[in-house]
Amino acid sequence: MNMTITQENVKTDLLEIIRSYLSEEIEASEISGDKHLINDLKINSAHIVDIVLDIEDKFDIMIDDDAIGKMNTVQDSIDMVLKKAA
Amino acid sequence: MSNYSDIISFLPYKKPFHFVDELVELSDNQAIGKYRIKENEYYFEGHFPGDPIVPGAILGEIMAQIGLVCLGIYLSKPEERPHVMPAFTSMETDFLSFVKPGDLLTIQSEKIYFRFGKLKCRVSCKKEDGTEVAKGSMSGIIIKQNKLN
């Protein structure tokens, strides 16, 4: 990937990934950094795995058990990508 | 050669919802197993009276028990195998032909990924004459038994 990894472009790409796994009861506009993926955005735990796989593909990184355990909020996930892709 | 009877013995299902007769092959990437539809399967009473046809939902279950659960147990650590409790999480499957009492089904499952306890596979179901009766992708997760309650 040639583009520089910044907080903003990670956020844009991550929101796009998360959006495709949102249930109908949650509006895309409700996604923000402080939202918990499971508790607030109501993403099923089986779909968390799909989100992680999409993130790995998108940013060309490997996410392990330890990292997935820390992906609680949207901002946690952005921080994790920034750390792994650095 | 092992007949994988240990893997079958770890399945949490019991009659009349146990749909694995035999496992032909298990490897890191695929599972092949067989199930013969009995003449007196419980669901034939209603599906359909006088005209027994295996429901698509049951075909999906047969495919999942062999293609996801048996493979998932095999891919689990040996010490975890006896305690696997599976949960079916998604299925996108085409049903292509009817299945009737006496049909012998061969299920072939190819792993797409097994990550973080979630197994996703491409699964195909064929009759003895080679007719493909269903195919698609399905996934499931392994949950710890104490999280069920």
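Bear in mind that the values here come from a model prediction, so they are computed numbers and not experimental data. (Residues numbered from 1 in each chain as written. Chains lettered and ligands numbered in written order. Predicted model: local features only at pLDDT ≥ 70, side-chain atom pairs only at ≥ 80, totals over all residues.)

**Details of the overall build of chain B**
Under the convention used in this document: The helix and strand labels rest on DSSP assignments: H or I over at least four residues marks a helix, E over at least two residues marks a strand, and numbering proceeds from the N terminus. The globule rule used for comparison is 2.2 Å times the number of residues to the exponent 0.38, while the radius of gyration itself is calculated over C-alpha atoms. With C-beta atoms placed from the backbone, a residue is labelled by how many other C-beta atoms lie within 10 Å of its own: buried for 20 or more, exposed for 12 or fewer, partly exposed between the two. C-beta atoms are placed from the backbone for every residue, and two residues are taken to be in contact when these atoms lie within 7 Å.
For chain B, the helix and strand inventory stands at 2 helices and 6 strands. Across chain B, helices and strands are ordered from the amino to the carboxyl terminus as α-β-β-α-β-β-β-β. Taken against the 2.2 N^0.38 rule, which gives 15 Å for 149 residues, the C-alpha radius of gyration of chain B at 15 Å falls within 12% of a compact globule. Along the longest, intermediate and shortest principal axes, the C-alpha atoms of chain B span 45 × 35 × 30 Å. Counting only residues that meet the buried cut, chain B has 31% of its 149 residues in that class. A sequence separation of at least 24 residues applies to 66% of the contacts in chain B between residues at least 6 apart.

**Observations concerning the sheet that holds strand E3 (residues 85-95) of chain B**
Residue and element names in this part refer to chain B. Under the convention used in this document: Any two strands with at least two DSSP-identified bridges between them are counted as paired. Lines fitted to the C-alpha atoms define the axes, with helices restricted to the stretch that makes contact. Angles between their N-to-C directions range from 0 to 180 degrees.
Taken together, the 6 strands give an open sheet; going across it, the order is E1-E2-E4-E5-E6-E3, and neighbouring strands pair in antiparallel fashion. The outermost strands of the open sheet, each flanked by one partner alone, are strand E1 (22-26) and E3. Strand after strand, the sheet turns through a mean of 20° between neighbouring axes, direction not considered. With 7 bridges connecting them, strand E2 (residues 30-36) and strand E4 (residues 104-115) associate as antiparallel partners. Residue pairing for E4: Arg 36 is matched across the bridge by Leu 104.

**Things to note about the pairing of strand E6 (residues 132-143) of chain B**
Residues and elements named next belong to chain B. Of the strand pairs in this sheet, E3 and E6 are connected by 10 bridges, and their pairing is antiparallel. The partner of Met 85 across the bridge, within E6, is Ile 143. With 9 bridges connecting them, strand E5 (residues 118-126) and E6 associate as antiparallel partners. Note that in E6 the partner of Lys 120 across the bridge is Ser 139. Where E5 folds back onto E6 in an antiparallel hairpin, the turn is made up of 5 residues, including Gly 130, whose phi is positive at roughly 95°.

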